[in-house]
Amino acid sequence: MPPRTAPTLRQRRLGTELRRMREAAGLNAREAAQTLGIDHTKISHMETARFGVSPDRIRVLAGCYGCTDTEYIDALIKLATDRKKGWWEDYRGVLPAGFLDLTELENKAKYLYSYQIGHIPGLTQTEEYARAIFDFGAPHRLPKRESEARIAHRIRRAHILTREDAPQVTALIHEAALRMRFGGADVTRRQLVHLLNISELPNCTFRVFTFEAEGFAGSGQSILYASGSVPKLDTVHLDSSHGPVFLDTEAQLTAYRQLLQTMEKRTLSASKSRDFIRKVAQEL
């Protein structure tokens, strides 16, 4: 098979974890290759996701590197063998690859924990609200085909909230996001009513930061913490104007997990948050 030219987030993460496993064993790529009796370029190709890795190869690598965490090894094998084509692949070549990476992350996660300061969370946006967001989101108006594809993709992402194995979703939302009138007052009001309806789902919890809350660390960025099949495979997604940023080192995961937990302490309770969202909608 030819080498991959644009590996997915899942494929890149597998390569990253194989590299981390090797480095934890104190081996460089050439030493690892000598131990396995293979050319050292194969180690590089596996770790950069240029080529796939078989389950047997992962087990051999784990043994070579002295990794005995069977749950972690099984999770890596699952990453390597999960070749089922997701619906988001229909948009490859149409939307930026980061959009598809984020969607795959959401669809594989057991829980999603996020903070939003300027927008209603993407998974809960109505079509008209999403359309208004994209009208403002780019420095230049997007071509109609791409704009419509982005909107359709965003709305389709929401399907995970009601599927049988839906992830647990906790979203911390700043009051600023509730009051920003993307699309005007009527569009925003309907969006808040939609958010309230989703808040009744058993797997969805929304908590609001009001303007009365004191300042807090992390308040100036949008954050998504997505669980992996094992904690070592968790991922943090940061949204930015130049595209998505994905973080996955142990230190980064610990820092953002603690940050979100600290931030949540500044929010209203889930029930008081629903009352507050309802109040803002009535004021529009």
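Going by the structure above, here's the rest.
A brief structural summary. Please read these numbers as outputs of a predicted model, since none were measured by experiment.

Criteria and thresholds
Position labels on residues start from 1 in each chain and follow its written sequence. Since the coordinates come from a predicted model, pLDDT governs what is reported: local features require at least 70, and pairs of side-chain atoms require 80 or more to be given and counted, while whole-chain, interface and lining totals use all residues. Side-chain metrics in this entry use all non-hydrogen atoms of the structure; hydrogen atoms and water are not considered. Both site types are read off a 1 Å grid over the protein atoms alone. A 1.4 Å probe that fits but cannot get out defines a cavity, while an open set with protein on both sides within 12 Å along at least five of seven lines defines a pocket; lining residues have an atom within 4 Å of a point. Grid points are joined across faces, edges and corners, and a volume is the space filled by probe spheres set on the points. The numbering of helices and of strands both runs from the N terminus, where a helix is a DSSP run of H or I of at least 4 residues and a strand a run of E of at least 2. By this rule, a helix spans an expected 1.5 Å times one less than how many residues it contains. The classification of residues rests on relative accessible area computed with a 1.4 Å probe and restricted to protein chains. Under 20% of the type maximum is buried, over 50% is exposed, and intermediate values are partly exposed. Pairing between strands is defined by DSSP: at least two bridges between the two strands are required. Whenever a helix is involved, its axis is fitted only over the stretch in contact; in every case the axis is a line through C-alpha atoms, and angles between N-to-C directions fall within 0 to 180 degrees. Each residue receives one of three labels: charged for Asp, Glu, Lys and Arg, nonpolar for Ala, Val, Leu, Ile, Met, Phe, Trp, Tyr, Cys and Pro, and polar for the others, Gly being one of them. For Phe, Tyr and Trp, where Trp contributes only its six-membered ring, two rings pair if their centres lie within 6.5 Å, and the inter-plane angle classes them as stacked under 30 degrees, edge-to-face over 60, or tilted in between. Counted as over-ring charges are cases with an Arg CZ or a Lys NZ within 6 Å of the ring centre that also lie within 35 degrees of the ring normal. What makes a salt bridge here is a side-chain nitrogen of Lys or Arg within 4 Å of a carboxyl oxygen of Asp or Glu, nothing more.

### Observations regarding the layout of surface pockets
In this structure, the second largest pocket encloses a volume near 740 Å³. Around the second largest pocket, the lining comprises 31 residues; the ones closest to its centre are Asp-82, Glu-104, Asn-107, Lys-108 and Ala-109. At the level of elements, helix 1 (9-24), helix 5 (70-81) and helix 6 (97-108) are the ones that each hand at least two residues to the lining of the second largest pocket. No other element matches the 4 residues that helix 6 contributes to the lining of the second largest pocket.

### Observations concerning helix 8 (residues 144-157)
The terminal C-alpha atoms of helix 8 lie 20 Å apart, and with 14 residues this matches the ideal 20 Å at 1.5 Å per residue to within 8%. Looking only at helix 8, the buried set comprises Glu-146, Ser-147, Ala-149, Arg-150, Ile-151, His-153, Arg-154 and Arg-157.

### Comments concerning the sheet that holds strand 3 (residues 204-209)
If you trace the 6 strands from one edge of the open sheet to the other, you get 3-2-1-4-5-6, paired in mixed fashion. Of all the strands in the sheet, the pair left with one neighbour each is strand 3 and strand 6 (245-247). Ignoring strand direction, the axes of neighbouring strands in this sheet form an average angle of 15°. Strand direction decides the pairing type here: strand 5 (residues 235-238) and strand 6, joined by 3 bridges, are antiparallel. Bridge pairing in strand 6 places Val-236 opposite Leu-247.

### Looking at empty space enclosed by the protein
Tallied over the full model, the rule gives 1 cavity of 30 Å³ or more. Reported here for the largest cavity is a volume of approximately 70 Å³. Contributing to the lining of the largest cavity are Arg-4, Arg-10, Gln-11, Leu-14, Gly-15, Met-46, Ala-49, Phe-51, Gly-52, Val-53, Leu-79 and Ala-80. Counting residues per element, the ones that place at least two in the lining of the largest cavity are helix 1 and helix 5. If one sorts the elements of the lining of the largest cavity by residue count, helix 1 sits on top with 4 residues. For the lining of the largest cavity, a count of residues per class yields 7 nonpolar, 3 polar and 2 charged.

### With respect to the packing of aromatic side chains
Given two aromatic rings, their pairing is described by the distance between the two centres and the angle made by the two planes. With the rule as written, the count across this model stands at 5 aromatic pairs. Geometrically, the ring pair formed by Tyr-111 and Tyr-225 is stacked, given 6.4 Å between the ring centres and 5° between the ring planes. Pair noted here: Tyr-111 is in strand 1 (residues 111-116) and Tyr-225 is in strand 4 (residues 223-226), with a separation of 114 residues, a long-range link. We classify Tyr-111 as partly exposed; its relative accessible area is 33%. Their ring planes at 90° and their centres at 5.4 Å tell us that Tyr-115 and Phe-209 sit as a pair that is edge-to-face. Of this pair, Tyr-115 sits in strand 1 while Phe-209 sits in strand 3; the two residues are 94 residues apart in sequence, bridging distant segments of the chain. You'll find Tyr-115 and Phe-209 in the same group, each marked buried. Among the aromatic residues, ring-to-ring pairing joins Trp-87, Trp-88 and Tyr-91 into one connected group. Between the NZ or CZ atom of Lys-232 and the centre of the ring of Tyr-72, over which it lies, the distance is 4.4 Å.

### Side note on unusual backbone geometry
Its identity is not glycine, yet Ala-49 carries a phi of approximately 65°, on the positive side. Judged by its relative accessible area of 1%, Ala-49 is buried.

### A word on the pairing of strand 2 (residues 168-174)
A regular strand places its side chains so that they alternate between the two faces of the sheet. Taking burial as the measure, the 7 residues of strand 2 include 5 buried ones, the bulk of the element. One ladder, built from 6 bridges, connects strand 1 with strand 2; its direction is parallel. Its bridge partner lying in strand 2, Tyr-115 is registered against Leu-172. Where strand 2 and strand 3 come together, 6 bridges link them in parallel fashion.

### A look at the pattern of salt bridges
Counted according to the given criterion, the structure contains 27 salt bridges. Salt-bridge contacts for Glu-23 lead to Arg-19; the nearest nitrogen and oxygen are separated by 3.2 Å. With Glu-23 and Arg-19 both in helix 1 and 4 residues apart, this pair spans about one turn of that helix. Taking the relative accessible area as the measure of exposure, Arg-19 reaches 29% and is therefore partly exposed. With its nearest N and O atoms 3.5 Å apart, the salt bridge here joins Arg-59 to Asp-56. Taken together, the residues span about one helical turn, with Arg-59 and Asp-56 both in helix 4 (residues 55-64) at a distance of 3 residues.

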